[in-house]
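Secondary and tertiary structure notes
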Amino acid sequence: MDQIHLGDNISRLRHQKKITQEELARFMGVTKASVSKWETNQSLPDILLLPQLASFFDISVDELLGYKPQLSKEQIQKYYFDFAAQFASEAFEEVMEKSEVLVKKYYSCYGFLLQICVLWLNHCHMASTQARQIEILKRIAEICSHITSHCLDNGICNDAIMLKAMCQLQYGEIDDVIMVLEEMLNPYHFFHQGESILIQAYQMKGQFQQAHQFTQFEIYTHLMEFINLSIHYLSIHVQDLQRCEETIKRLDEVIKTYHIEKLNPNTTAQFYYQCAIVYCQHQNDQEALKRLTDFVRLVCEMMEGDHILLHGDEYFDQIHIYFEQSDLGVHPVRNKKLILQSALQALEVAELNGLKEDHCLQSLKLQLKRKGETL
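Presented here is an overview of the structure given in this document. (Residues numbered from 1 in each chain as written. Predicted model: local features only at pLDDT ≥ 70, side-chain atom pairs only at ≥ 80, totals over all residues. Heavy atoms only, no water.)

1. Digging into the overall build of the protein chain
Rules: Each helix corresponds to a stretch of at least 4 residues labelled H or I by DSSP, and each strand to a stretch of at least 2 residues labelled E; elements are numbered beginning at the N terminus. C-alpha atoms define the radius of gyration, and 2.2 Å times the number of residues to the power 0.38 defines the globule rule. For every residue, the accessible area obtained with a 1.4 Å probe (protein chains only) is divided by the maximum for its type, and the residue is called buried under 20%, exposed over 50%, and partly exposed between those limits. Here, two residues are considered to be in contact whenever any of their heavy atoms come within 4.5 Å of each other.
A tally of regular secondary structure across the protein chain gives 20 helices and 0 strands. For the protein chain, the C-alpha radius of gyration of 27 Å lies well beyond 21 Å, the compact-globule estimate for 375 residues. By the burial criterion, 42% of the 375 residues in the protein chain qualify as buried. Sequence separation of 24 or more characterises 64% of the internal contacts of the protein chain that already satisfy a separation of 6 or more.

2. Section: the nonpolar core
Rules: As used here, the term nonpolar core means buried Ala, Val, Leu, Ile, Met, Phe, Trp, Tyr and Cys residues forming a set that is joined through side-chain atoms within 4.5 Å.
Ranked by size, the top nonpolar core spans 51 residues in total, and within it Phe 271, Leu 292, Phe 295, Leu 347 and Leu 368 carry the most contacts. Residue assignment for this core shows that the elements contributing at least two residues are helix 13 (208–236), helix 14 (241–257), helix 15 (260–263), helix 16 (265–281), helix 17 (285–302), helix 19 (336–346) and helix 20 (359–373). Among the elements that line this core, the one with the most residues is helix 16, at 10 residues. If we skip the residues at most four places from it in the chain, Leu 292 touches Tyr 273, Ala 276, Leu 347, Leu 352, Leu 355, Leu 361 and Leu 364. In terms of nonpolar packing, the next biggest core, distinct from the first, is built from 42 residues, Val 95, Met 96, Leu 114 and Ala 160 among them.

3. A short note on the environment of Ala 84
In this structure, Ala 84 sits in helix 6 (residues 73–89). Accessibility expressed as a relative area gives 4% for Ala 84, which makes it buried. Ala 84 sits 38 residues away from Asn 122 along the chain, and the two C-alpha atoms are 9.2 Å apart.

4. Quick word on the pattern of salt bridges
We apply this condition: The working definition used for a salt bridge is a side-chain nitrogen of Lys or Arg within 4 Å of a carboxyl oxygen of Asp or Glu.
All told, the structure shown has 19 salt bridges when counted by the stated rule. Asp 240 is paired through a salt bridge with Arg 243; the nearest N and O atoms lie 3.7 Å apart. Taking the shortest distance from any N to any O, the salt bridge between Glu 348 and Lys 365 comes out at 3.2 Å. Residue Glu 348 is located in the loop between helix 19 and helix 20, and its partner Lys 365 is located in helix 20; the two are separated by 17 residues in the primary sequence. Overall, the relative accessible area of 8% leaves Lys 365 in the buried class. Linked through salt bridges whose partners overlap, the residues forming this network are Asp 252, Glu 287, Lys 290 and Arg 291.

5. Concerning unusual backbone geometry
Phi is positive for Asn 41, close to 60°, though the residue is something other than glycine. Within the secondary structure layout, Asn 41 lies in the loop between helix 3 (32–39) and helix 4 (50–56).

6. Regarding helix 2 (residues 21–28)
Condition: In this description, one arc is meant: the one made by directions from the helix axis to the C-beta atoms.
Along helix 2, the residues classified as buried are Gln 21, Leu 24, Ala 25 and Met 28. Buried residues of helix 2 fall within an arc of 100° about the axis and therefore sit on the same side. Looking at the buried side of helix 2, the elements it contacts are helix 1 (6–17), helix 3 and helix 4. Of the residues trailing helix 2, Gly 29 is marked for its positive phi of about 75°.

7. Comments concerning the state of the cysteines
Covalent bonding between the sulfur atoms of two cysteines is what defines a disulfide. Basically, it comes down to this: By disulfide we mean two sulfur atoms from cysteines, separated by a distance within 2.5 Å.
Summed over the entire model, instances satisfying the criterion amount to 0 disulfides. Free of any disulfide, Cys 151 has its nearest neighbouring cysteine sulfur in Cys 157, separated by 4.4 Å. This cysteine, Cys 360, is not joined by any disulfide, and Cys 280 carries the nearest cysteine sulfur, 12 Å off.

8. Looking at the side chain of Arg 291
Definition in use: Pairing of N or O atoms within 3.5 Å defines a polar contact, subject to two protein rules: one partner must be a possible hydrogen donor and the other a possible acceptor, and residues neighboring in sequence count only if both atoms are side-chain atoms.
Residue position: Arg 291 is located in helix 17. Of the polar contacts made by the side chain of Arg 291, one reaches the side chain of Asp 252; its length is 2.8 Å. For Arg 291, the residues in contact, after removing those within four places along its chain, are Ile 248, Asp 252, Phe 271, Tyr 272, Cys 275, Ala 276 and Tyr 279.

9. Details of a nonpolar patch on the surface
Threshold: Patch membership needs two things, relative accessible area over 30% and no salt bridge, and members are linked within 9 Å if like-charged or within 5 Å if nonpolar (Val, Leu, Ile, Met, Phe, Trp, Tyr). Only the protein chains shown count as cover for residues, and the accessible areas themselves come from Shrake-Rupley with a 1.4 Å probe.
A cluster of nonpolar residues, Leu 169, Ile 174 and Ile 178, forms a patch on the protein surface that exposes about 250 Å² of accessible area. Looking at the element boundaries, Leu 169 is found in helix 10 (residues 154–171). Leu 169 sits in the exposed class, given a relative accessible area of 51%.

10. Overview of the packing of helix 7 (residues 92–105) against helix 9 (residues 130–150)
How we decide: Here an angle of 0 to 180 degrees is reported between the N-to-C directions of two axes, which are lines fitted to C-alpha atoms, with helices fitted over the stretch in contact. Orientation labels follow simple angle bins: below 35 degrees gives roughly parallel, above 145 gives roughly antiparallel, 65 to 115 gives roughly perpendicular, and whatever is left gives oblique. Take the far helix as your reference; a near helix turned counterclockwise from it by less than a right angle gives a left-handed crossing, and one turned clockwise gives a right-handed crossing.
Running from N to C, helix 7 and helix 9 cross one another at 15°; their axes reach a closest spacing of 14 Å. Accordingly, the angle class assigned to the pair helix 7 and helix 9 is roughly parallel. For the crossing formed where helix 7 meets helix 9, the hand is left-handed. Residues Phe 92, Glu 93, Met 96, Glu 100 and Val 103 of helix 7 lie in contact with helix 9, whose contacting residues are Arg 132, Ile 136, Arg 139 and Ile 143.

This is the structure in structure tokens:
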């Protein structure tokens with residue numbers, strides 16, 4: 001948003017209308033000197049005169065003020081990634097304060113507010129205390145409620161509902177999460193058939209390229225969601241080794257068939273990490289370390305060049321169109337340094353204590369630390 005340039009705007013609009021300061025003053029019921037002071041920014045019109053001024057020039061008061069409360073997608077992306085980089089290099093609270101200022105400045109730009117919520121959710125673990133983390137999560141929930149109460153874009157509102165639920169889950173409002181999402185995600189709603197209906201509509205319209213692109217992206221999206229759901233499934237059944245091993249075997253085949261290691265190394269790394277947790281739980285140190293080695297390998301590969309960016313491959317050759325059009329584009333939601341820090345922290349969790357003294361695990365930690373030094 002530009003700063004307010006009321007004086008400049010009055011002068012510009014008056015010249016466009018081809019009238020003198022005296023003529024404008026007569027219409028407004030003020031002196032010519034008053035108009036002159038407005039245009040040279042020596043004084044401002046009385047607030048009660050703004051609607052009359054705007055009406056005279058046939059524009060809104062916001063336009064008269066030069067107030068633009070909406071940001072473009074490119075501007076939102078720049079703010080997001082600038083702040084993400086600052087979180088990796090500056091004091092956490094200083095960056096939070098700067099981003100909070102922009103929230104108040106663009107409080108009616110709901111796409112921007114949504115991405116700030118994503119930004120905070122992905123970085124609030126850096127807060128100095130758990131109490132501060134919860135405070136930030138509740139602030140995110142508050143902004144999400146503001147979005148759903150005022151925004152007319154259903155897509156943004158649905159994303160805000162999900163983000164609020166993520167926050168509520170972390171600070172313990174579990175019943176509210178279940179109440180909202182059980183209804184929203186009811187598998188019997190016709191809403192879930194929307195993708196197939198849209199694809200058919202594209203075909204009937206003869207828009208085969210749109211049908212091709214959309215179908216391909218939905219296959220990719222559901223494939224990634226399938227892997228993420230399977231990761232949760234492993235977590236639910238961590239004590240049931242037989243069920244976990246069958247799940248792991250099937251997921252390994254999916255990852256191999258669709259080349260997921262190259263297509264989406266981040267999702268694959270998360271799967272390998274959860275596999276390690278399962279095997280460590282059942283004292284299979286060899287398999288646990290094998291999976292952790294794969295986890296660290298993929299994290300390190302993501303740090304190289306553009307490997308971390310969202311991308312397709314020879315089969316998914318159209319999904320880049322959707323990535324590029326998304327609010328954050330192809331870039332990751334967190335800075336590379338912070339991703340490495342999170343990976344290191346993941347190797348310190350209590351679930352891996354059985355491997356704490358293993359030289360292989362120590363070597364993996366060292367590998368991540370050295371990779372971080374090269375960034």
